[in-house]
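Single-letter residue listing:
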Amino acid sequence: MKRSLVRPSLVRAVIGSAAVALPLATVWLVDPNVEGHYPTCPIRSVVGVDCPGCGSLRAMHDLAHGDLLGAFDHNAMLMLFLPLLGLELARWVARRPSSALMRWRYAPMTALVVLSAWMLARNLPMFPLDVLGSGVGDWA
Amino acid sequence: MSESDKPTSGDDDWGGSEETPWQQQPPPPPQQPQQPHQPPQYGQQPPQYGQQPPYGGPPTHQPGTPMPNYLVHSILATLLCCPPTGIVGIVFASQVNGKLATGDLAGAKKASDQAKLWTIISVAAGFLGWIVYLALYASASGV
């Protein structure tokens, strides 16, 4: 295999950087707030509720423009998970094993509960929870 | 994206102890046959022979059996692409951990393969969504 002639970590660094930079550059340039720029989430357009990931494109767009509050407004859960996922990517590039938190036995179960509760909560029409929806201007 | 790197990444995706992952090997000449699971790390650290990594650290895994649960991939799929398939992946990730904890290696392997399959399905669904969208967009705008 040609693989042995290449520095694996360098390859990973390139892949990792591209995995962060390309999507950020895309949403920075192409505004997801404009109708028709990106496909709408099928769940949202068919069922009419916010899925756990709804608003993540707009959140990444906010993030790319340095608007942290707007990013949280569009998808707070993604913002909470991003540091964790970024850390995992960094560890993958550095050929280190997953963080202790991700290797925790009940990590998948916790993620399942958190993400399900997140989807339920952001669709409830009561005041403290409805700000969690992906809609614009719920917060700021 | 780690799919493309499976042969070399298999053994650092699951829990080893913190100080193990640096696989130390001297830079060999290109013709020298390589062990596929030990990629060389050029010019990073001096070779240290006879130092077996103290595997089998924190959780409950058997040493030497890579058992990725693809949790990161499934969470990414849930939050960025396809919650239905991503959630299925998280469920299988949970099964991997549960079966490893009870020592059911065969069951854990099955769940791991399923989690991997659903990661691939998520990626495929994402691409398919884009293809359908672009096709509809193209036909609507008469390109």
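The residue numbering used here restarts from 1 in each chain and proceeds along that chain's sequence as written. Going through the entries in the order they are written, you letter the chains from A and number the ligands from 1. With the structure being a predicted model, the display of local features is reserved for residues of pLDDT at least 70 and the display and counting of side-chain atom pairs for 80 or more, all residues being used for whole-chain, interface and lining totals. In computing side-chain properties, one takes all heavy atoms of the structure into account and sets aside hydrogens as well as water.

Caption draft 1: Region of interest: the overall build of chain B. The secondary structure listing takes helices from DSSP runs of H or I that are at least 4 residues long and strands from runs of E that are at least 2 residues long, numbered from the N terminus. When helices and strands are counted, chain B shows 4 helices and 0 strands. Relative accessibility decides the category of a residue: with a 1.4 Å probe and only protein chains considered, values under 20% of the type maximum give buried, values over 50% give exposed, and everything between is partly exposed. A total of 143 residues make up chain B; the buried ones form 36% of that total. Residue contacts are counted whenever heavy atoms from the two residues lie within 4.5 Å of one another. A separation threshold of at least 6 residues defines the contact pool for chain B, and within that pool the share at least 24 residues apart is 63%.

Caption draft 2: Representation of the overall build of chain A. Scanning chain A for helices and strands turns up 8 helices and 0 strands. For chain A, the N- to C-terminal ordering of α and β elements is α-α-α-α-α-α-α-α. Counting every position in chain A, which comprises 140 residues, the buried fraction comes to 39%. Nonlocal contacts in chain A, meaning residues at least 24 apart in sequence, comprise 53% of its contacts between residues at least 6 apart.

Caption draft 3: Inspection of the packing of helix α5 (residues 76-93) of chain A against helix α2 (residues 71-80) of chain B at higher detail. Packing of α5(A) against α2(B) leaves a shortest axis separation of 11 Å and a crossing angle of 150°. Taken as axis vectors, α5(A) and α2(B) run roughly antiparallel relative to one another. As α5(A) runs across α2(B), the sense of the crossing is left-handed. In this structure, α5(A) uses A:Met77, A:Leu78, A:Phe81, A:Leu85 and A:Glu88 to contact α2(B), whose residues at the interface are B:Val72, B:Ile75, B:Leu76, B:Leu79 and B:Leu80. Axis lines are fitted to C-alpha atoms, over the contacting stretch for helices. Their N-to-C directions set the angle, which ranges from 0 to 180 degrees. Should an angle fall under 35 degrees it is taken as roughly parallel, and over 145 as roughly antiparallel, whereas 65 to 115 is taken as roughly perpendicular and any remaining angle as oblique. In this scheme the handedness of a crossing depends on how the near helix is turned from the far one: anticlockwise by less than a right angle means left-handed, clockwise means right-handed.

Caption draft 4: Spotlight on the packing of aromatic side chains. Any Phe, Tyr or Trp ring, taking Trp's six-membered ring, that has another such ring centre within 6.5 Å forms a pair; planes under 30 degrees apart are called stacked, those over 60 apart edge-to-face, and the others tilted. Under the counting rule described, the total for this entry stands at 4 aromatic pairs over all chains. Both rings, one in B:Trp130 and one in B:Tyr133, keep their centres 5.9 Å apart while their planes meet at 90°; by these two values the pair is edge-to-face. With B:Trp130 and B:Tyr133 both in helix α4 (residues 105-141), this residue pair falls 3 residues apart, about one helical turn. Since its relative accessible area comes to 38%, B:Trp130 is described here as partly exposed. In this structure an aromatic cluster arises from ring pairing among A:Tyr38, B:Trp130, B:Tyr133 and B:Tyr137.

Caption draft 5: Molecular detail of helix α3 (residues 83-101) of chain B. By definition here, a helix of n residues has an expected span of 1.5 Å times n minus one. In this model, α3(B) (19 residues) spans 27 Å end to end at C-alpha, consistent with the 27 Å of a helix rising 1.5 Å per residue. Of the residues making up α3(B), those classed as buried are B:Pro83, B:Thr85, B:Gly86, B:Gly89, B:Ile90, B:Phe92, B:Ala93, B:Ser94, B:Val96, B:Asn97, B:Gly98 and B:Leu100. Of the surrounding elements, those touching the buried residues of α3(B) are α2 (42-46) and α7 (107-123) of chain A together with α2 and α4 of chain B. After α3(B) finishes, the residue B:Gly103 shows a positive phi value of roughly 85°.

Caption draft 6: Just the state of the cysteines, in detail. Criterion for a disulfide: a pair of cysteine sulfur atoms within 2.5 Å. Per the stated rule, a full pass over the model turns up 1 disulfide over all chains. Paired by a disulfide, B:Cys81 and B:Cys82 hold their sulfur atoms 1.8 Å apart. The partly exposed category is assigned to B:Cys81, whose relative accessible area is 34%. Given the relative accessible area of 10%, B:Cys82 is considered buried. Not engaged in a disulfide, the cysteine A:Cys51 finds its nearest cysteine sulfur in A:Cys54; these two sulfurs lie 3.6 Å apart. Among the residues examined, A:Cys51 registers a relative accessible area of 2% and is labelled buried.

Caption draft 7: Fine view of a nonpolar patch on the surface. Residue and element names in this part refer to chain A. Patch membership requires more than 30% relative accessible area and the absence of a salt bridge. Residues of like charge join within 9 Å; the nonpolar side chains Val, Leu, Ile, Met, Phe, Trp and Tyr join within 5 Å. Here the Shrake-Rupley method, with its probe set to 1.4 Å, supplies the accessible areas, and only the displayed protein chains count as covering residues. Throughout this description, the term salt bridge denotes a Lys or Arg side-chain nitrogen within 4 Å of a carboxyl oxygen of Asp or Glu. Taken together, the side chains of Leu-101, Trp-104, Tyr-106, Met-109 and Val-113 make up a nonpolar region of the molecular surface, amounting to roughly 500 Å² of accessible area. Following the sequence through the fold, Leu-101 ends up in helix α6 (residues 100-103). A relative accessible area of 46% places Leu-101 in the partly exposed class.

Caption draft 8: Quick peek at the nonpolar core. In terms of nonpolar packing, the biggest core is built from 26 residues, with A:Phe81, B:Leu71, B:Ile75, B:Leu79 and B:Ile90 touching the most fellow members. Among the secondary structure elements, those contributing two or more residues to this core are α3 (56-64), α5 and α7 of chain A together with α2 and α3 of chain B. If sequence neighbours within four positions are ignored, B:Leu79 has contacts with A:Pro52, A:Gly53, A:Ser56, A:Met77, A:Leu78, A:Phe81 and A:Leu115. In this text, buried Ala, Val, Leu, Ile, Met, Phe, Trp, Tyr and Cys residues form a nonpolar core when linked through side-chain atoms within 4.5 Å. Counting residues in hydrophobic clusters, the runner-up holds 8 residues, among them B:Met67, B:Phe92, B:Ala108 and B:Ala115.

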